[in-house]
Amino acid sequence: MILAVSHIRKSFLTNEILRDCTFHIEAREKMALVGVNGAGKTTLFRILMGDLESDEGTVFRQKDLVVGYLPQTSDYQSSLKIEEELLTVFRSLIRMEQRMRELELAIAQHSDPELLEEYDRLQVRFEQQDGYQFRSRVRGVLKGLGFDEAEYELPISSLSGGQRSRIALAKLLLEKPDLLLLDEPTNHLDIDAIEWLEGFLSSFDGAAIIISHDRYFLDKLCTKTVEIERGYSSEYSGTYSWYVQEKEKRARQALKEYNMQQAEIKRQESIIADLRSRGMEKFIRRAQSREKVLEKMDVLEKPTALNASMKLKLTPSTLSGDDVLSAEDLSKEFDGHQLFEHVSFDIRRGDKIALLGPNGIGKTTLFRMIMGTEKPTSGYLRLGVKVYPGYYDQQQENLDPSKTVLEEIYDAFPQMTLSQVRTVLGAFLFRGEDVFKQIGMLSGGEKARVSLCKIMLSDNNFLLLDEPTNHLDIQSREVLEDNLTGYEGTLFFISHDRYFINRVADKILFLEPDGVQLFLGNYDDYLARRVRQPQAAPVPSSSEPTTARQDFYQQKSAQRELTRKKTRFSRLEKEIEETEWKIHDIEEKMLDPQYYSYASTFEILEKDKAELDAALETMLEEWTQLSEELES
């Protein structure tokens, strides 16, 4: 154990943030710290760093423990260039290297035994401290976090806020402290950089406590999860996914215990009232005795409601044609710089497609081309019949800061009743007095939820969502996922949130400089195919008129056939389960005297069972065949 937190409490004026937080972390352990926005996670980090004093409780640190902290927002300042700044981590090695060069020159002039001995000692130390590797380590971390070699000489003062945050993270990783405190480390990173960071931290010898809204990232790395809820900490010894399941089990048990205790309290209160109503002294004494027991009872706090988010099935008012969008041989160039070319793909009604690709490849530009605010350099885009696209771009420019949340939605959709509006807002986590908050006073995440609510209620039946989970905490992301999976229009979205992609997408479109690749399935499916087939063939473009077009339509036909098989496979599993239950029900009846005592009734049951057995055998054969085809 390298760090232990015991009964930490912290308040700011009358606002109690942390009531009772207790947990520990061991050497090399990776721990997730989760909770809704405002739960106190960053406050706890500041207490662990010693930047903030707790009101009560203790923090035990192992002797000489070196802790590195990455804040969520980092205004990193330096007068040096990028590579120069990271090399400052290795000042002692650089000084050692310089002394070795000096000694080499001196030894070359006259061989002095003392100089040779000093050189030998320095060389051993230099090698033991990986002195021959530190420069390549610096470049490896820079490359992994998404910096091009041409950027290494840029002054840090000229960088954006996101780039400075990446520099702060890079320096922290190179310092290799005993314990890393990482507050949203995946902010400002694309998927490739996040995957690199996962690999780095997996092999990192130290421990780490990670605050992140990236659930996929937490699932990959963390073997323990600590949740802060209403000021209290709860510890779960498992991955993030295990924590989600275990939390629901604990919540159900807590609710059961709370209801049982409340029922017992009411029962005792009823007995006490009955005893007092009798008026006799002996009954009054018994009533008083029971009252003392109730007073000493440790009354359980009511647990938060299970399944607090409501799922909406949002259906666009206008049904689009089957063909939503066709893109053929698109290219885009800015000031002589080619973003992409030979981009061809089709989107069909009901598709939920994630657009992936490295930062700067032109994903947002492609969305703007679809919306008509940007023109392609070559190629064309064609929207289908009755297709009405709507664009979410993170800026929330369509919101009126002077209106309340309720007014913003009610004024935009006057055909809805007040009750309907409040129901929809409740599904987006605006409940009770929250609906009367002024837009201008909302946080970035709250504004994002209002904008997403508006676009999903709109007449648009083809939604283009650019990083819809940015600014959202985990609970808000789960709500959005629930509502998008039930959305009956067409979705095309850009996201770095792999957990979100896994839950929502049924196709992945990967944008590259020379075209696009199409993958069926969610992010895990895409990842598996990418590993097996690193050189997957691009989606054909119109630059290969005949053969490419034929291949393209063959691929689309194969995709439709695969979708049909997956759908049939899923339905078969349900039908098999239903048939097995029917057979089980008949078998139960055949053992019941009221059925087997009557020959005619028993014969009907036997006949029904035989028919069901035959149908089940046929379904199992089809299931086995489909299973083999889908696996291949």
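Everything here concerns the structure above.
The rules behind these values
- Residues numbered from 1 in each chain as written.
- Predicted model: local features only at pLDDT ≥ 70, side-chain atom pairs only at ≥ 80, totals over all residues.
- Heavy atoms only, no water.
- Helix = DSSP H or I, 4+ residues; strand = E, 2+ residues; numbered from the N terminus.
- Expected span 1.5 Å × (residues − 1).
- Buried < 20%, exposed > 50% of the residue type's maximum accessible area, 1.4 Å probe, protein only.
- Contact = heavy atoms within 4.5 Å.
- 1 Å grid on protein atoms, 1.4 Å probe; cavity = no way out; pocket = protein on both sides within 12 Å on 5 of 7 lines; lining within 4 Å.
- Points joined across faces, edges and corners; volume = space filled by probe spheres on them.
- Nonpolar A, V, L, I, M, F, W, Y, C, P; charged D, E, K, R; others polar.
- Core = buried A, V, L, I, M, F, W, Y, C linked by side-chain atoms within 4.5 Å.
- Pairing = 2+ DSSP bridges.
- Axes fitted to C-alpha atoms, helices over the stretch in contact; angles between N-to-C directions.

For the rest of this paragraph, the subject is helix 15 (residues 474–485). For helix 15, spanning 12 residues, the distance from its first C-alpha to its last is 16 Å, which sits close to the expected 16 Å at 1.5 Å a residue. Counting buried positions over the 12 residues of helix 15 gives nine, a clear majority of the element. What helix 15 keeps buried is the set Ile474, Ser476, Arg477, Val479, Leu480, Glu481, Asp482, Asn483 and Leu484.

Within helix 13 (residues 418–427) the residues assigned to the buried category are Val421, Val424, Leu425, Gly426 and Ala427. The elements touched by buried residues of helix 13 are helix 12 (405–412), helix 14 (444–457) and helix 15.

Right, let's get into the layout of surface pockets. In this structure, the second largest pocket encloses a volume near 1,000 Å³. Lining the second largest pocket are 36 residues; nearest its centre among them are Thr186, Asn187, His188, Asn470 and His471. Secondary-structure elements contributing two or more residues to the lining of the second largest pocket are helix 1 (41–49) and helix 11 (363–371). For the lining of the second largest pocket, the element with the highest residue contribution is helix 1, accounting for three residues. Here the lining of the second largest pocket is built from residues that sort into seven nonpolar, 20 polar and nine charged.

Turning next to the nonpolar core. Of all hydrophobic cores here, the largest spans 100 residues; its most connected members are Ile167, Leu201, Leu356, Leu425, Met456, Leu465 and Ile501. Counting 25 residues, the second largest nonpolar core, distinct from the first, contains Cys21, Phe23, Ala39 and Leu179.

What the six strands build is an open sheet, ordered 14-15-16-12-17-18; its pairing is mixed. Strands with a single pairing partner mark the edges of an open sheet, and in this sheet they are strand 14 (389–392) and strand 18 (515–520). Mean inter-strand twist for the sheet, computed between neighbouring axes without regard to direction, equals 20°. Of the pairings in the sheet, the one linking strand 17 (residues 507–512) to strand 18 comprises six bridges and is antiparallel in character. Each residue of the ladder has a partner; that of Lys507, found in strand 18, is Leu520. In the packing of helix 14 onto the sheet, the strands contacted are strand 14 and strand 15 (462–466), and the crossing angle to strand 14 comes to about 175°.

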